[in-house]
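# Coordinates in review
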Amino acid sequence: MSSLRPPHETVVNLQARDGACATVALHGGHVLSWTPAGGPEQLYLSPTTRYGAGASIRGGVPVIFPQFAEQGSGPRHGLARNRAWTVEQQEQGADDALAVLRLTDDEATRALWPHAFALELTVRISGAQLDLELAVENTGDAPFEFQAALHSYWRVQSLTQAVVQGLQGCTYADQVRGGAQNVQHSSRLELLGQGPVDRIVQGLQGPIGLLDLAEVPARRLGLVLEGFDDAVVWNPGPEHGLPDLPPDGWQHFVCLEAAQIARRVTLNGGDTWVARQTARCM
């Protein structure tokens, strides 16, 4: 049964010696909160989301695997985000704190996606930085294909003053317009909040970032992607109709995420794929 807040025993709380902290739910291996040392909360979490069996948490950082959206025959955004993960490791170091969470296949997952796999999500916080590393292992004999993403909801004061940077020259599939292919010519993507935005961006040239001009001074967040080929920019807009998001909730986040969508990864038996998203307050 789902509930409006996660039980205390089903979350991992990370605290670095410098004051950085994060909270990770075992349900979905889902980062719920990240506060850098000396800074404010960076992630948006819907106050009306639900937790527990059958629920998909709205906000934070959902793990998308093995399919993105409806681009496969399984559940939307895959099966990892509403399964129970286990804690493999948790520690506080001299200048960081980390946790490693793991999810493996079972009878229920094989009914949805007939493959043997293991996922590991490593969450590391230090100072103004959050590192998320996703490892996918094929623990069976037969090869399989997959897509993956770290579907990060970044908090903003107002979507009308949020700017995505670093996409200049990239090709993107505009999902709002049926997947039409376009090129981002400007160095700034201004999200004016007049309607939904849903873009799968390819051909990244380097770091990307988010600028929140509503804060004084402007808040800057930089993202470095390693092993991920794509990025996604998403906001549902004012007519979202999502039952787990307040009517005005769309105004307070931008999903800017590391993703592997356009080119599916093929893993042979025994092989492992690893990718990382590093966020830093600047």
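In short, a report on the structure.

Pairing within the open sheet is antiparallel, and its 9 strands lie in the order β5-β6-β7-β8-β20-β17-β16-β11-β14. Where the open sheet ends on each side, the last strands, each with one partner, are β5 (86-92) and β14 (188-191). Averaged over all pairs of adjacent strands, the angle between their axes in this sheet comes to 15°, without regard to strand direction. By the bridge criterion, 6 bridges tie β5 to strand β6 (residues 97-104) in an arrangement that is antiparallel. If you follow Gln-90 over to β6, its bridge partner there is Ala-99.

According to the stated counting rule, one finds 15 salt bridges in the structure shown. Residue Arg-83 pairs with Asp-106 through a salt bridge whose shortest N-O separation is 2.6 Å. Within this pair, whereas Arg-83 is found in the loop between β4 (63-64) and β5, its partner Asp-106 is found in the loop between β6 and α1 (107-112), the two being separated by 23 residues in sequence. Among the salt bridges present, the one from Arg-188 reaches Glu-190, with a minimum N-O distance of 3.8 Å. Residue classification places Glu-190 among the partly exposed residues on the basis of a relative accessible area of 47%.

Right, let's get into the pairing of strand β19 (residues 253-267). Walk down a regular strand and you will see the side chains alternate between the two sheet faces. Burial of β19 is extensive: 11 of the 15 residues sit out of reach of the surface. In terms of strand pairing, strand β10 (residues 153-155) meets β19 through 3 bridges, oriented antiparallel. Considered in β19, the bridge of Tyr-153 is made with Cys-255. Both strand β18 (residues 230-235) and β19 contribute to a ladder of 5 bridges, which runs antiparallel. Looking at β19, one finds that Val-233 is bridged to Leu-256.

Here the residue pair Phe-65 and Pro-66 is connected by a cis peptide bond, since its omega of 0° sits within 30 degrees of zero. Here Pro-66 lies in the loop between β4 and β5. The omega torsion of the bond from Val-216 to Pro-217 falls at -5°, within 30 degrees of zero and hence cis. Note on placement: Pro-217 falls in the loop between β16 (208-212) and β17 (219-226). You will see that His-77, though not glycine, has its phi angle at about 60°, which is positive. Locating His-77 in the fold gives a position in the loop between β4 and β5.

What follows deals with the side chain of Asp-105. With respect to the element layout, Asp-105 can be found in the loop between β6 and α1. Within the structure, the side chain of Asp-105 is placed 2.5 Å from the side chain of Arg-110, a separation counted as a polar contact. Only 3.0 Å separates the side chain of Asp-105 from the backbone nitrogen of Phe-117, close enough to count as a polar contact. Not counting residues up to four positions away in its chain, the partners in contact with Asp-105 are Arg-110, His-115, Ala-116, Phe-117 and Thr-139.

All right, on to the packing of aromatic side chains then. For the coordinates displayed, the defined rule picks out 13 aromatic pairs. Where Phe-144 meets Phe-146, the ring centres are 6.2 Å apart and the plane angle is 65°; that geometry is what we call edge-to-face. By the burial criterion, Phe-144 is buried, and Phe-146 matches it.

Let's shift gears to the environment of Arg-81. Structurally, Arg-81 is set in the loop between β4 and β5. The exposure class assigned to Arg-81 is buried, which follows from its relative accessible area of 16%. When the C-alpha atoms of Arg-81 and His-30 are compared, they prove to be 7.1 Å apart, with 51 residues separating the residues in sequence. Each residue touching Arg-81, except ones within four places of it in the same chain, is listed here: His-27, Gly-28, Ala-55, Ser-56, Val-63, Ile-64 and Arg-76.

The next thing to look at is the environment of Ala-37. Looking at the element boundaries, Ala-37 is found in the loop between β3 (30-35) and β4. The class of Ala-37 is partly exposed, set by a relative accessible area of 29%. Distance in space between the C-alpha atoms of Ala-37 and Leu-103 is 29 Å, their sequence separation being 66 residues. Ignoring anything within four residues of it in the chain, the contact list for Ala-37 reads Asp-18, Gly-19, Ala-20 and Gly-127.

How each quantity is defined
- Residues numbered from 1 in each chain as written.
- Predicted model: local features only at pLDDT ≥ 70, side-chain atom pairs only at ≥ 80, totals over all residues.
- Heavy atoms only, no water.
- Pairing = 2+ DSSP bridges.
- Helix = DSSP H or I, 4+ residues; strand = E, 2+ residues; numbered from the N terminus.
- Axes fitted to C-alpha atoms, helices over the stretch in contact; angles between N-to-C directions.
- Salt bridge = Lys/Arg side-chain N within 4 Å of Asp/Glu carboxyl O.
- Buried < 20%, exposed > 50% of the residue type's maximum accessible area, 1.4 Å probe, protein only.
- Polar contact = N/O pair within 3.5 Å; in protein donor to acceptor, adjacent residues only side chain to side chain.
- Contact = heavy atoms within 4.5 Å.
- Phe/Tyr/Trp six-rings, centres within 6.5 Å; stacked < 30°, edge-to-face > 60°.

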